[in-house]
Amino acid sequence: MDKLLITGGERLFGSVKVSAAKNAVLPLFAASVLTEERVTIRGVPKITDALCMAQILRELGAEVTFTGGDVTIDSASSCSHEIPPSLTRELRSSVFMLGSLLTRFRRALIAYPGGCDIGLRPIDMHLQALRRLGVTIDEHDGYIFCKCDCLKGADISLDFPSVGATENVLLAAVKAEGRTVLRGAAREPEIVDLQNFLNAMGAKIAGAGGDVIVIDGVKRLSGVDYTPMKDRIEAGTYLIMGAAAGGEVETEGVFPENLGLLLHKLRENGCKIGAKNDKIRVESSGKLRANRRIETMPFPGFPTDLQAQAAALNSGAEGSALITENLFETRFKYVPELKKMGADIEVKGRTALIRGVPRLHGASLLAGDLRGAAALVVAALGAEGVSEVLDLTHLDRGYEDLVSKLKKLGAKLRRVRV
Ligand code: UD1
């Protein structure tokens, strides 16, 4: 198990090239089994979630080749509709495979999916939507077995704009008979990216980015060569790191409209924000005011995937911040670790009250989930003294080349074997 050693207090200066978005790339892997032709996805980040998705495809019989950052998937000889439980439990995104396996084989067998331990994360909406398309679902002993004679377009309404359920509907309805109208869809930019990818394969989907998506089933989908969008959460994390440490950090690859509320909150903190095309720059003195309130919401609200990092930033700011987590029940697991650094945080249910302290201090920290781990790095960069962050498996799931990107900005850190 590796750990990070971070010496806080160094200002950060320079530019970060943002990698392709984890949450865009993972559904594209799933979508690649919708065709027997070759699919190329450009610039896939070296993160373990992507490798795990590639492994799932291989288990199904596909050939997956990594060349530099590009991945070629040839699933002509895919013949299995069963995903081994060891892989589904490792990765939440394996749930997307339900939609694409049903489209390809009319059958899908998966174990209940895993992913970050940040709450209950049920998949009832996914299953309900698939039933509307004509799928029969049998759940027993931790397995989900789905089958259908044919998929039929339907009117579907989601009770909550779930990102994963929206993507699963796209994958299951894309070749269904007739038209599917999905209401209450999630509006995240990654869903637009999936729509673009599928349309480039020959699908007829319109409306992604809004809350009604119309999918006209097509008979066949072809191969595609596609470059996915960049990771707004990775960009947001580096901007928050720049704010916490002080200095001037620019991200390259993400458009400001995809991070609207974060940029507003950083301005509230007292940072200067500049944005042009796909470049965003944060300028920070390191001495910040706390945000009075942050509430996580589905896009375009404040992203739950940046909540922990924002909490870390506010821990060392002047004043108090009230952070409400509306998406996942247990997404404050990083709080005891920040407290080891001197943070003053009180959690009650879904809300954390943070009373900023003048300076956090270095400590030995144990990461518990992906974004919680990023929050510990944010805090360590702004803190006085040396911190160690243990258990990098979480960071490796979602941040490509974190150490070299931070070193390029002037951070003092290294990865060492424990
Ligand atoms: C995706 C993202 C994740 C992000 C989240 C919210 C991927 C791979 N992951 O996760 O990084 O934090 O969106 O922006 O894209 N829910 C149900 N029943 C369901 C489905 C969801 O109750 O069938 C609930 C969840 O428990 C949660 C809320 O809906 O409270 C939102 O979840 P959802 O949007 O589905 O998140 P994911 O797709 O899992």
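The structure displayed is predicted, hence computed values, not measured ones.

Would you take a moment to explain the site of the ligand for this structure?
The ligand sits among 18 residues. The nearest are Asp124, Met125, Ser162, Asp305 and Leu327. Between the ligand and proline 122 there is a distance of 3.2 Å, counted from a nitrogen atom to a backbone nitrogen or oxygen. For the ligand, whose unbound accessible area comes to 740 Å², protein coverage reaches 89%. Per-element accounting of the shell around the ligand gives the leading share, 3 residues, to helix H5 (residues 124-132). Taken together, domain 1 (2-14 + 260-265 + 288-417) and domain 2 (22-226) each give at least three residues to the shell around the ligand, which thus spans both.

Explain the packing of helix H1 (residues 22-31) against helix H2 (residues 48-59) here, please?
Packed helices, taken two at a time, are described by their axes: the angle between them and the distance between them. Close contact between H1 and H2 brings their axes to 10 Å; oriented N to C, the two are set at 5°. On the basis of their axis angle, the class for H1 and H2 is roughly parallel. Where H1 abuts H2, its residues Lys22, Leu26, Phe29 and Ala30 lie against Asp49, Ala50, Met53, Ala54 and Leu57. Tallied by class, residues from the contact of H1 with H2 come to 7 nonpolar, no polar and 2 charged.

Got a minute to help me understand helix H9 (residues 260-268) in this structure?
It helps to recall that an α-helix has 3.6 residues per turn; residues three or four apart then point in one direction. Along H9, the residues classified as buried are Leu262, Leu263, Lys265 and Leu266. All buried residues of H9 lie within an arc of 160° about the axis, which places them on one face of the element. As for H9, its buried residues are in contact with helix H8 (232-245), strand E15 (272-276), strand E16 (279-284), strand E17 (293-295) and helix H10 (307-315). Downstream of H9 by a residue or two, glycine 270 has a phi angle that is positive, lying close to 105°.

In this structure, what is going on with the domain arrangement of the protein? I would like to understand it.
Reports often express the size of an interface as the amount of accessible area lost when the parts come together. Split into domains, the protein comes out as domain 1 (2-14 + 260-265 + 288-417) and domain 2 (22-226). For domain 1 versus domain 2, the separation of C-alpha centres amounts to 31 Å. Contacts between the two partners involve 20 residues from domain 1 and, on the opposite side, 20 residues from domain 2. For the pair domain 1 and domain 2, the summed buried surface comes to about 1,700 Å²; carbon and sulfur atoms form 53% of the total. Broken down residue by residue, the surface that domain 1 buries against domain 2 is led by Phe299, Arg397 and Glu400, which jointly contribute 39%. One can count 3 salt bridges joining domain 1 with domain 2. When the shortest N-O distance is used, the salt bridge between aspartate 49 and arginine 397 registers 2.9 Å. Between domain 1 and domain 2 we count 5 residue pairs in polar contact (both at pLDDT 80 or more) in total. Tallying contributions element by element places helix H13 (residues 393-398) first for the side of domain 1 that touches domain 2, with 4 residues. Of the residues in the side of domain 1 that touches domain 2, the class split is 7 nonpolar, 3 polar and 10 charged.

I tried to follow the pattern of salt bridges on my own but got confused; where do I start?
Side chains that differ in charge, positive against negative, can pair when their charged atoms come close. In this structure the tally under the stated criterion is 28 salt bridges. The salt bridge partner of aspartate 49 is lysine 22, with a shortest N-O separation of 3.8 Å. Highlighted residues: aspartate 49 in helix H2 and lysine 22 in helix H1, separated in sequence by 27 residues. Residue lysine 22 is classed as buried on the basis of its relative accessible area of 8%. For the salt bridge of glutamate 283 with arginine 281, the shortest nitrogen-to-oxygen distance reads 3.5 Å. By relative accessible area, which is 29% here, glutamate 283 ends up partly exposed. Accessibility expressed as a relative area gives 30% for arginine 281, which makes it partly exposed. One continuous salt-bridge network, built from bridges that share partners, spans Asp2, Asp396, Arg415 and Arg417.

How should the state of the cysteines be read in this particular structure?
In protein chemistry, a disulfide is the covalent bond that joins the sulfur atoms of two cysteines. Considering all chains together, one arrives at 0 disulfides under this definition. With no disulfide partner, cysteine 79 has as its closest neighbouring cysteine sulfur the one in cysteine 148, 18 Å distant. There is no disulfide at cysteine 148, and the cysteine sulfur nearest it, in cysteine 150, is 7.0 Å away.

Rules used throughout
- Residues numbered from 1 in each chain as written.
- Predicted model: local features only at pLDDT ≥ 70, side-chain atom pairs only at ≥ 80, totals over all residues.
- Heavy atoms only, no water.
- Near = heavy atom within 4 Å.
- Polar contact = N/O pair within 3.5 Å; in protein donor to acceptor, adjacent residues only side chain to side chain.
- Areas by Shrake-Rupley, 256 points an atom, 1.4 Å probe, with all protein chains shown as cover.
- Helix = DSSP H or I, 4+ residues; strand = E, 2+ residues; numbered from the N terminus.
- Domains from an automatic or database assignment.
- Axes fitted to C-alpha atoms, helices over the stretch in contact; angles between N-to-C directions.
- Parallel < 35°, antiparallel > 145°, perpendicular 65-115°, else oblique.
- Contact = heavy atoms within 4.5 Å.
- Nonpolar A, V, L, I, M, F, W, Y, C, P; charged D, E, K, R; others polar.
- Buried < 20%, exposed > 50% of the residue type's maximum accessible area, 1.4 Å probe, protein only.
- Arc of directions from axis to C-beta.
- Buried area = accessible area lost by both parts, 1.4 Å probe.
- Salt bridge = Lys/Arg side-chain N within 4 Å of Asp/Glu carboxyl O.
- Disulfide = S-S within 2.5 Å.

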